[in-house]
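Structural description and commentary
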Amino acid sequence: MLDILYQDADLVAIHKPAGLLTHRSQLDRGETRFAVQLLRDQIGHHVHPVHRLDKGTSGVLLFALDRDIARQVGSQFEAGRVGKAYLAIVRGHPPESGLIDHPLSRQKDDYEGGPASTAEAQTALTRFQRLACCALPYQVDRYPSSRYALVALQPETGRRHQLRRHLKHIAHPIIGDATYGKGRHNRLFQELFASQRLLLACTGLEIRHPRSGEPLKLCAPPAEDFAQVCRALGWATP
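Here we summarise the structure given alongside this text. (Residues numbered from 1 in each chain as written. Predicted model: local features only at pLDDT ≥ 70, side-chain atom pairs only at ≥ 80, totals over all residues. Heavy atoms only, no water.)

Digging into the overall build of the chain
Assigned secondary structure in the chain consists of five helices and twelve strands. A compact globule built from 238 residues should have a C-alpha radius of gyration of about 18 Å, and the chain, at 18 Å, falls within 12% of that. Taking the principal axes of the C-alpha coordinates as reference, the chain spans close to 55 × 40 × 40 Å. The burial tally for the chain puts 46% of its 238 residues in the buried class. For the chain, the share of sequence-separated contacts (at least 6 apart) that also reach a separation of at least 24 residues comes to 64%. Taking the 31 positively charged and 24 negatively charged side chains of the chain as two groups, their mean positions are separated by 5 Å. (Helix = DSSP H or I, 4+ residues; strand = E, 2+ residues; numbered from the N terminus. Rg over C-alpha atoms; globule rule 2.2 N^0.38 Å. Buried < 20%, exposed > 50% of the residue type's maximum accessible area, 1.4 Å probe, protein only. Contact = heavy atoms within 4.5 Å. Lys, Arg positive; Asp, Glu negative; His and termini not counted. Charge placed at Lys NZ, Arg CZ, Asp CG, Glu CD.)

Next up, the structure:
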């Protein structure tokens, strides 16, 4: 059963676990479980995702119960009017706070034709705050210990893989990221904490309800597998 965070006559939000696809993908043809299908079967109603989370990301995932509502909420995402909050565990100790202003080339969805990305870069902005940090007594790179941090992230734009690409850009990749991260650090977390996931979680979304126009804030604490790693690193569960 999916964990339903919110439901009314127009919208339903779930706490998506890491490892679950939002919908069918050509890149994961062997997968048979999708959030769209599972939620439809659970509530007995067709659902329409208004945004997406990467397969490895856990957290708040929002659906509309009809296509018109989906278009209305989707337009808020496209216009940058949605508040988004994430947590990530990253390599190294980033500054206490900052703004990552780094344009990103457009990456196409896997169902679009043509090349996977385009040369033209789009504006991409991510704010971050360092919440906690630690050092582990294991040599992974050339240093005798390895440093990690918990960061809060607020993407102000919605480019594909924006948070993962931005954190790689500032040399603090997310742990568990097989594409943009560092394999040696990922393997250390697998060995020490049995963590097999991307350590990125969407903890909050804030939209205007498409029918009432009132603010709607959706929140989810980090999933237990994420919180377990935080505790193992000596950090209070966010």
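On we go from here.
Quick notes on the pattern of salt bridges
This model, assessed by the stated rule, comprises eight salt bridges. In this structure, a network of salt bridges that share partners links the residues Asp54, Arg164 and Asp177. (Salt bridge = Lys/Arg side-chain N within 4 Å of Asp/Glu carboxyl O.)

Points about the packing of aromatic side chains
Here a ring pair, both rings aromatic, is described through the centre-centre distance and the interplanar angle of the planes. One pass over the full model with this rule turns up two aromatic pairs. Ring centres of Tyr148 and Phe189 lie 4.8 Å apart, and the angle between their planes is 75°; this geometry places the pair in the edge-to-face category. Residue Tyr148 is located in strand 10 (residues 146–155), and its partner Phe189 is located in helix 4 (residues 183–193); the two are separated by 41 residues in the primary sequence. Aromatic pair Phe189 and Phe193: ring centres 5.1 Å apart, planes at 70°, arrangement edge-to-face. (Phe/Tyr/Trp six-rings, centres within 6.5 Å; stacked < 30°, edge-to-face > 60°.)

Concerning the nonpolar core
Counting 41 residues, the largest nonpolar core has Leu11, Leu62, Phe63, Val73, Leu153 and Leu200 as the members making the most contacts within it. Those residues in contact with Leu200 that lie beyond four places of it in its chain are Gly56, Thr57, Ser58, Tyr86, Leu87, Ala88, Leu153, Leu163, Arg164, Ile174 and Phe226. (Core = buried A, V, L, I, M, F, W, Y, C linked by side-chain atoms within 4.5 Å.)

A few points about unusual backbone geometry
Even without being a glycine, Ala171 presents a positive backbone phi close to 70°. The residue Ala194 is not glycine, and still its phi comes out positive at about 55°.

Topic: helix 5 (residues 224–232)
Within helix 5, the full set of buried residues consists of Phe226, Ala227, Val229 and Cys230. With its buried residues spanning 155° around the axis, helix 5 presents them on a single face. Here the buried face of helix 5 lies against strand 5 (83–91), strand 10, helix 4 and strand 11 (200–208). (Arc of directions from axis to C-beta.)

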